[in-house]
Amino acid sequence: MIRPLITGNWKMFKTPRESLDFVGRLKEALSDIRELDVVIAPPFTSLYPVGVALKGSGIHLAAQNLYDKTEGAYTGEISARMLIDVGCAYVIVGHSERRTLFGEKDKMINGKLKMAIQSGLKPIFCIGETLAEREAGKTFTIIEQQIKEGLNQLSADDIGEILVAYEPVWAIGTGKTAAPEQAQEAHAFIRGVIAGDYQEELADNLPILYGGSVSTDNIAKLMAQRDINGALVGGASLDVETFVRIVNYKKIS
Ligand code: PGA
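What you see is a predicted model; the values in this text were computed from it and never measured.

Draft legend 1. Geometry of the pairing of strand S4 (residues 88-93). S4 sits mainly inside the fold: five of its six residues count as buried. A crossover links strand S3 (residues 59-63) with its parallel partner S4, the connecting element being helix H3 (residues 80-85), and its sense is right-handed. Of the strand pairs in this sheet, S4 and strand S5 (residues 122-127) are connected by four bridges, and their pairing is parallel. When the sheet's bridge partners are listed, Val93 is paired in S5 with Phe125.

The following block contains the structure:
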């Protein structure tokens, strides 16, 4: 059984002060959560104070990005070691906004995944097709290509450290969620690609999160799908009450 995991991706929202206010309320609301993992990914400037505030809470910290070099003259970039030092256990890699707005290609994403794993961070590796690709019937070709290039030269042990997030680009921030069955189909396909490239057992244990307009209305149905092990929540993770309701999806009737 894969332990469910819900991640809040705050993107470029919340100052350190706003982040601390959120986290104080989140810790209180989730003080007895045991059956799943909760991860939040604030902006870089909030990581240190939030990391301190989360100590001992059981809620985990993620960064939204990292650079694929250890250190050096890379103005504006952040290394894996810096993220670990402020308490990050996870890092989001290859988010579609990084791919489309900042030109990240599969090769760079592959380097970032390697760097994260070798440094001891668990990468949340994001993949997903655009609307044009889906309408052209290319969804599975695109996903498979992103997996093969993103995971190029990663060993079976490395795969044991990663999480995949399937985020159809057309569903991100648009209010359009993939239907649970549509998401399930893509998740099963992803698991199949990993089983084919590595081993069945690794694929069976790979956490695959769904992302794209996750809300209190759709989380329970999404989580009921066989191959959906968690969610990567953007907009709906910015309000503490909404996020807590999503984390407590089992109680939504
Ligand atoms: P959204 O974002 O929930 O606002 O659609 C999800 C994401 O980009 O990870």
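Draft legend 2. Spatial organisation of the nonpolar core. One finds Ile6, Leu26, Leu66, Leu151 and Tyr210 to be the most contacted residues of the largest nonpolar core, which totals 68 residues. For this core, the element with the most residues is helix H9 (residues 180-197), which contributes six residues. Contacts of Tyr210, omitting those with residues within four sequence positions, involve Tyr166, Pro168, Ala171, Thr177, Ala178, Ala183, His187, Leu222, Ile228, Gly230, Ala231 and Leu232. By size, the runner-up hydrophobic cluster in this structure holds 12 residues, among which are Leu5, Tyr90, Ile124 and Leu209.

Draft legend 3. Inspection of the pairing of strand S1 (residues 5-9) at higher detail. Most of S1 sits inside the fold, with five of its five residues counted as buried. Of the two faces of S1, the one holding Leu5, Thr7 and Asn9 and the one holding Ile6 and Gly8 are both buried throughout. Of the strand pairs in this sheet, S1 and strand S2 (residues 37-41) are connected by five bridges, and their pairing is parallel. When the bridges of S2 are listed, Asn9 appears paired with Ala41. Following the backbone out of S1, through helix H1 (residues 16-29) and into the adjacent parallel S2, one traces a crossover that is right-handed. Where S1 lies against strand S8 (residues 230-233), four bridges are found, and the strand directions are parallel. Paired with Gly8 across the strands is Val233, a residue of S8.

How each quantity is defined
- Residues numbered from 1 in each chain as written.
- Predicted model: local features only at pLDDT ≥ 70, side-chain atom pairs only at ≥ 80, totals over all residues.
- Heavy atoms only, no water.
- Buried < 20%, exposed > 50% of the residue type's maximum accessible area, 1.4 Å probe, protein only.
- Helix = DSSP H or I, 4+ residues; strand = E, 2+ residues; numbered from the N terminus.
- Right-handed = clockwise from strand over helix to strand, strands pointing away.
- Pairing = 2+ DSSP bridges.
- Core = buried A, V, L, I, M, F, W, Y, C linked by side-chain atoms within 4.5 Å.
- Contact = heavy atoms within 4.5 Å.

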